[in-house]
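# Structural features, examined
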Amino acid sequence: MATPTSTVSWNISSSSLMDTSTQSSPTPTIGFDVDSYEQAYKTALAILFSGVIFFGVLLNSIIVFTVYRRPEMRTPCNLLIVNIAVGDLAVASLGAPLRIIEVFVGWPFGNFLCSVLLPILEMFVTVSVVTHTTIALERFRAIVRPLKTRLSVSNTKLVIFAIWPACYVTSALPIAPILKVQEIDGLDRCYPQWPFDLYRPIYQVYLVAFFIAVPLVIQTMAYFKIMKALQNRLTPMCALDRDALSRALQNQKRRRIIKTLAIMVFAFQVCYIPRGVMLMCRDFQRCSCLQMFCR
């Protein structure tokens, strides 16, 4: 007989690790100290997020500062990269500290900031995803369709200004009104009060579909066509060609670009596919009407 699915909260606790309230037979004793495990989990999480804060703030600040100080670097692609850096900088400087505070002391900031800050953090993540996708499309148009009008600096700024409110409306606004401070496992948590069982899985499926799956498909297709176009432009070498050195340098540069693009696609997949899978599995298990499909 399948065991019941335990409730998953934002933090690991003894009640979420061991749910035996609905089992009729006695559970054998396991040599496992839940309190020690929870403390180790909190410590590891604090160390991990401390690293995120340090390196995230440092590296993204360098990117923003470099482009700001050097006007010649303010190309459309670099401006989009700065937009990603700003979003990641916000996550590192705001999201990671809030996560550490939440793990150790709960949510001490009240209902208002609960409904404001957490949706904004969700917006920061989606801004990064959408901007990555915009870069892929911009590179596709520049390399595969070079005769078409390229994105200008002024138009790039308009795109960036449009990305932020669009991401808030599409990713953060659906959850902002239902975020409330609730007591979970003895601590106050900023957690949504789902109006009905299907609200959460519908919301998470929507996020995974439009901010993970669709961007992944678009980026993969764009970079694949870019790599194919660059591969086709590799010039055959001829021993008697007077421009052999110049052609060799061009080929070497194009090969480096191909490798870089392949790494970008792989990195996006590694970072976002596990997140999407975890969201789907966790939230479908929480939905009582869908538990039969998740056992």
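Basis of the calculations
Residues numbered from 1 in each chain as written. Predicted model: local features only at pLDDT ≥ 70, side-chain atom pairs only at ≥ 80, totals over all residues. Heavy atoms only, no water. UniProt positions renumbered as here; feature names shortened; annotations may be inferred. Helix = DSSP H or I, 4+ residues; strand = E, 2+ residues; numbered from the N terminus. Axes fitted to C-alpha atoms, helices over the stretch in contact; angles between N-to-C directions. Parallel < 35°, antiparallel > 145°, perpendicular 65-115°, else oblique. Left-handed = near helix turned anticlockwise from the far one by under 90°. Contact = heavy atoms within 4.5 Å. Pairing = 2+ DSSP bridges. Patch = residues over 30% accessible without salt bridge, like charges linked within 9 Å, V, L, I, M, F, W, Y side chains within 5 Å. Areas by Shrake-Rupley, 256 points an atom, 1.4 Å probe, with all protein chains shown as cover. Salt bridge = Lys/Arg side-chain N within 4 Å of Asp/Glu carboxyl O. Disulfide = S-S within 2.5 Å. Buried < 20%, exposed > 50% of the residue type's maximum accessible area, 1.4 Å probe, protein only. Expected span 1.5 Å × (residues − 1). Bend = angle between axes of the 7 residues up to and from the residue. Core = buried A, V, L, I, M, F, W, Y, C linked by side-chain atoms within 4.5 Å. Lys, Arg positive; Asp, Glu negative; His and termini not counted. Charge placed at Lys NZ, Arg CZ, Asp CG, Glu CD.

With that settled, the discussion passes to the UniProt feature "transmembrane region" (unreviewed entry) in the protein. Taking the UniProt record as the reference, the feature "transmembrane region" (unreviewed entry) is found at residues 44-68, 80-101, 116-137, 158-179, 203-224 and 257-280. Across residues 158-179, helical content stands at 68% and strand content at 5%; the span's end C-alpha atoms are separated by 31 Å. Here residues 203-224 runs as 100% helix and 0% strand, with 30 Å between its end C-alpha atoms.

Where helix 3 (residues 76-105) meets helix 5 (residues 153-172), the axes come as close as 9 Å, and the angle between the chain directions of the two elements is 25°. In terms of orientation, helix 3 and helix 5 fall into the roughly parallel class. The way helix 3 lies across helix 5 gives a crossing that is right-handed. Contacts between helix 3 and helix 5 involve Pro76, Leu79, Leu80, Asn83, Val86 and Gly87 from the first element and Val153, Thr156, Lys157, Ile160, Ile163 and Trp164 from the second.

Pairing of strand 1 (residues 179-184) with strand 2 (residues 187-192), which is carried by six bridges, proceeds in the antiparallel orientation. Bridge pairing in strand 2 places Glu183 opposite Asp188. Here strand 1 hands over to strand 2 after two residues, with Asp185 in that stretch at a positive phi of 55°.

A surface patch of nonpolar side chains, about 530 Å² in accessible area, is lined by Ile101, Phe104, Val105, Phe109, Phe112 and Leu113. With three residues, the single largest contributor to the nonpolar patch is helix 3. Counting through the fold element by element, Ile101 comes out in helix 3.

Right, let's talk about the state of the cysteines for a bit. Each disulfide consists of a covalent bond between the sulfur atoms of two cysteine residues. All chains considered together, the criterion is met by one disulfide. The disulfide bridge from Cys114 ends at Cys190, spanning 1.9 Å between sulfur atoms. Handedness of the Cys114-Cys190 disulfide follows from its S-S torsion of about 90°: it is right-handed. You can see Cys114 sitting in helix 4 (residues 110-143) and its partner Cys190 sitting in strand 2, a full 76 residues away along the chain. Per residue, the accessibility class of Cys114 equals that of Cys190, and both read buried.

With that settled, the discussion passes to the pattern of salt bridges. A side chain with one charge may pair with a side chain of the opposite charge, provided their charged atoms come close. In the structure shown here, the tally under the stated rule is three salt bridges. For Arg70, the salt bridge goes to Glu72, with nearest N and O atoms at 3.0 Å. What makes Glu72 exposed here is its relative accessible area of 55%. Residue Arg139 is joined to Glu138 by a salt bridge in which the shortest nitrogen-to-oxygen separation is 2.8 Å. The class for Arg139 is partly exposed, based on a relative accessible area of 22%.

Time to look at helix 6 (residues 199-232). For helix 6, with 34 residues, the first-to-last C-alpha span of 48 Å sits near the 50 Å given by 1.5 Å per residue. At Ala209, helix 6 shows its maximal bend, which comes to roughly 35°.

Of all hydrophobic cores here, the largest spans 40 residues; its most connected members are Trp107, Met123 and Ile226. Those elements that place two or more of their residues in this core are helix 3, helix 4, helix 5, strand 1, strand 2 and helix 6. The residues contacting Trp107, other than those within four sequence positions of it, are Leu98, Leu113, Cys114, Leu117, Leu118, Val181, Asp188, Arg189 and Cys190. Within the second largest apolar cluster, six residues are counted, among which are Val129, Leu216, Phe268 and Tyr272.

Quick look at a positive patch on the surface now. Taken together, the side chains of Arg145, Lys148, Lys225 and Lys228 present a region of like positive charge at the surface. Considering the arrangement of structural elements, one finds Lys148 in the loop between helix 4 and helix 5. A relative accessible area of 52% means that Lys148 is categorised as exposed.

Relative orientation of the contacting elements helix 4 and helix 6 amounts to 25°, with a least axis distance of 9 Å. Compared by their axis directions, helix 4 and helix 6 come out roughly parallel. Crossing geometry of helix 4 relative to helix 6 is assigned as left-handed. Every residue of helix 6 that contacts helix 4 at Glu122, Thr126, Val129, Val130, His132, Thr133, Ile135, Ala136, Leu137, Arg139, Phe140 and Ile143 is listed here: Tyr203, Leu207, Phe211, Pro215, Ile218, Gln219, Ala222, Tyr223, Lys225, Ile226 and Leu230.

This next bit is on the environment of Pro174. Assignment of secondary structure puts Pro174 in the loop between helix 5 and strand 1. A sequence separation of 29 residues divides Pro174 from Tyr203, and the C-alpha atoms of the two residues are 7.9 Å apart. Residue contacts for Pro174: discarding those within four places in its chain leaves Val169, Tyr199 and Tyr203.

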